[in-house]
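If you want the building blocks of each chain, they are given just below.
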Amino acid sequence: MKFTVVGAGAMGLRYGVLLQEAGNEVDFVDAWQPHVDKMKAQGGVYVNRDHQGRHLVPVHVYYPEEYQKQDQDVLIFFMKQMQLADMLKRCQHFFNDKQYVLTCMNGMGHVDQLLNYFKPEKVVAGTALVATILDGPGEVDFVGKPGAGSMNLANYTEQPDEMTHKLVAQLKKANFNPNLTTNFMGTLLAKVVFNSVVNTLCTLFEITMGEYADYQGADSLSRQLVDEAYDVAERMGVTMLNTREEEMASINYVSTVANPLHYPSMYQDMTKNRPTEVDYINGYLVKMGQKYHYEAKTHAFLTHLVHLAEHTRQQSLAAESANEKVVVLKKAAGN
Ligand SMILES: NC(=O)C1=CN([C@@H]2O[C@H](COP(=O)(O)OP(=O)(O)OC[C@H]3O[C@@H](n4cnc5c(N)ncnc54)[C@H](OP(=O)(O)O)[C@@H]3O)[C@@H](O)[C@H]2O)C=CC1
Ligand SMILES: CC(C)(CO)C(=O)C(=O)O
């Protein structure tokens, strides 16, 4: 099959490289200049697996404006929620009504944006329980052994067609362990709930998922957030993929067995002084609660805490750069 991965960050590269290695034709489109330039210059991306085995994988990478192919079967979208609107605008010249779209981004908001460009019957969305880190321009680290993670996916229409099954077959071949469901919102919301606990708390306390699970009060913290999120989902009329107990078990399993050493992607954004996706995760649950007259108080509180942390980092960066300017000016003035 022919794929174009839009957003060659950590996850875009993981999906694209593994689909390419499974025998598919894959192109990558990205806009982060140092990263695209580096991959073009070195003829590919350096891939590590758990910090080891660094090797160059040749990839075809393009800026949005230079990419012209229209005969791709599936476009895979993988970027941060707040980057998607701009990227869709920049890429729309290569969209057409034959292409399918797959996305496994965290949070909620992306599907509505994709529906502005693609027909509902072409949209497939899912969730990925695999951890990946973009170490820097042209360098990616796939966390976990081959085949260790898993993913759920569903058609927006909840009616899998021939192309959906072909797509699932390729994802299977590429070792993503796909599970095709016919419950679109229940599938997507399960990961929002997962991330609203693990990503947010690990980011605020600067800890790995294993360190979180190791705290004896972790279950009680998780339970409060899971309960609030499920109260929202029930009011939305969504049948969740997992029961509350199964969701608690999934949080524990992924944190203690699958990815104990992983700092979630929100932590990676915070420590790189980039905005986080919290408004699309905990903030989404708060917004949906409000819509259905329910106050998701703990999720609202955590959303504020993450924004406070982002704000504090921005303030100290601004103070640091002001201090540097004073030093330069003093040097220039000879004192
Ligand atoms: N990483 C993970 O383990 C997982 C992530 N996800 C989700 O997948 C989606 C994509 O996430 P992920 O692949 O981690 O995203 P990344 O942060 O790795 O990459 C997304 C984009 O961010 C830009 N970028 C990345 N690093 C920098 C930097 N240091 N400075 C400036 N720009 C940078 C690039 O695009 P640009 O130039 O356009 O800014 C890049 O294409 C998100 O919704 C995420 O929550 C889901 C499961 C696991
Ligand atoms: C890998 C995982 C599942 C951890 O929460 C994730 O979604 C992330 O890092 O954003």
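Conventions adopted
Residues numbered from 1 in each chain as written. Chains lettered and ligands numbered in written order. Predicted model: local features only at pLDDT ≥ 70, side-chain atom pairs only at ≥ 80, totals over all residues. Buried ≥ 20, exposed ≤ 12 C-beta atoms within 10 Å, placed from the backbone. Helix = DSSP H or I, 4+ residues; strand = E, 2+ residues; numbered from the N terminus. Pairing = 2+ DSSP bridges. Right-handed = clockwise from strand over helix to strand, strands pointing away. Domains from an automatic or database assignment. Contact = placed C-beta atoms within 7 Å. Nonpolar A, V, L, I, M, F, W, Y, C, P; charged D, E, K, R; others polar. UniProt positions renumbered as here; feature names shortened; annotations may be inferred. Axes fitted to C-alpha atoms, helices over the stretch in contact; angles between N-to-C directions. Near = placed C-beta within 6 Å. Parallel < 35°, antiparallel > 145°, perpendicular 65-115°, else oblique.

### Notes on the pairing of strand β2 (residues 25-29)
Stage number 1. Among the five residues that make up β2, four are buried, leaving the element largely enclosed by the rest of the structure.
Stage number 2. Where strand β1 (residues 2-6) and β2 come together, five bridges link them in parallel fashion. When the sheet's bridge partners are listed, F3 is paired in β2 with V26.
Stage number 3. A crossover connection joins β1 to the parallel β2 through helix α1 (residues 10-21); in handedness this β-α-β unit is right-handed.
Stage number 4. Where β2 meets strand β5 (residues 60-62), three bridges bridge the pair, whose relative direction is parallel. Within the sheet, the bridge partner assigned to V29 lies in β5 and is Y62.

### Structural notes on the domain arrangement of the protein chain
Where interface size is quoted, it is often the accessible area lost as the parts come together.
Stage number 1. Looking at the protein chain, the domain boundaries give domain 1 (2-182) and domain 2 (189-316).
Stage number 2. Facing the 17 residues of domain 1 at the interface are 16 residues of domain 2.
Stage number 3. Residue composition of the side of domain 1 that touches domain 2, grouped by class: seven nonpolar, nine polar and one charged.

### Here's the deal with the UniProt feature "domain: Ketopantoate reductase C-terminal" (unreviewed entry) in the protein chain
Stage number 1. Taking the UniProt record as the reference, the feature "domain: Ketopantoate reductase C-terminal" (unreviewed entry) is found at residues 183-309.
Stage number 2. Within the segment residues 183-309, helix and strand shares are 72% and 0% respectively, and the terminal C-alpha atoms sit 35 Å apart.

### Observations regarding the sheet that holds strand β4 (residues 52-57)
Stage number 1. Strand order in the open sheet made by the four strands is β4-β3-β10-β9, with mixed pairing throughout. The strands lining the two open edges of the sheet, one partner per strand, are β4 and β9 (132-136). Each adjacent strand pair in this sheet contributes to an overall mean axis angle of 25 degrees, direction not counted.
Stage number 2. Both strand β3 (residues 45-49) and β4 contribute to a ladder of four bridges, which runs antiparallel. Among the inter-strand pairings, R49 is bridged to a residue of β4, identified as Q52.

### What about the site of ligand 2?
Stage number 1. Within the structure, ligand 2 sits among N106, L129, A131, N195, V198, N199, N259, H262, P264 and S265.
Stage number 2. No other element matches the three residues that helix α6 (residues 184-205) contributes to the shell around ligand 2.
Stage number 3. The residue makeup of the shell around ligand 2, split by class, is four nonpolar, six polar and no charged.
Stage number 4. Each of domain 1 (2-182) and domain 2 (189-316) accounts for three or more of the residues forming the shell around ligand 2.

### Details of the sheet that holds strand β11 (residues 150-155)
Sheet strands associate in pairs through backbone hydrogen bonding, adopting either a parallel or an antiparallel arrangement.
Stage number 1. Ordered in space as β5-β2-β1-β6-β7-β8-β11-β12, the eight strands form an open sheet in which the pairing is mixed. With one partner strand each, in any of the chains shown, β5 and β12 (178-181) form the two edges of the open sheet. On average, each strand axis in the sheet is tilted by 25 degrees relative to the strand beside it, whichever way the strands run.

### Points about the pairing of β9
Stage number 1. In this sheet, strand β10 (residues 139-142) lies alongside β9 in antiparallel orientation, the contact comprising four bridges. Looking across to β10, one finds that L134 is bridged to V140.
Stage number 2. Here β9 hands over to β10 after two residues, with G138 in that stretch at a positive phi of 75 degrees.

### Examining the packing of α6 against helix α11 (residues 282-291)
Stage number 1. The contact between α6 and α11 brings their axes to 9 Å, and the two run at 130 degrees. As far as their axial angle goes, α11 and α6 are oblique. Between α6, through V192, S196 and T200, and α11, the contact on the second element is made entirely by N282, Y284 and L285.
Stage number 2. Looking at the contact of α6 with α11, its residues break down into three nonpolar, three polar and no charged.

### Overview of the UniProt feature "domain: Ketopantoate reductase N-terminal" (unreviewed entry) in the protein chain
Stage number 1. Under the local residue numbering, the UniProt record ascribes the feature "domain: Ketopantoate reductase N-terminal" (unreviewed entry) to residues 4-146.
Stage number 2. The distance separating the terminal C-alpha atoms of residues 4-146 is 22 Å; by composition the span is 24% helix and 32% strand.

### Looking at the site of ligand 1
Stage number 1. Around ligand 1 there are 23 residues in total, and G9, M11, W32, M105 and N106 lie nearest to it.
Stage number 2. Looking at which element gives the most residues to the shell around ligand 1, the answer is α1, with three residues.
Stage number 3. The two domains that each donate at least three residues to the shell around ligand 1 are domain 1 (2-182) and domain 2 (189-316).

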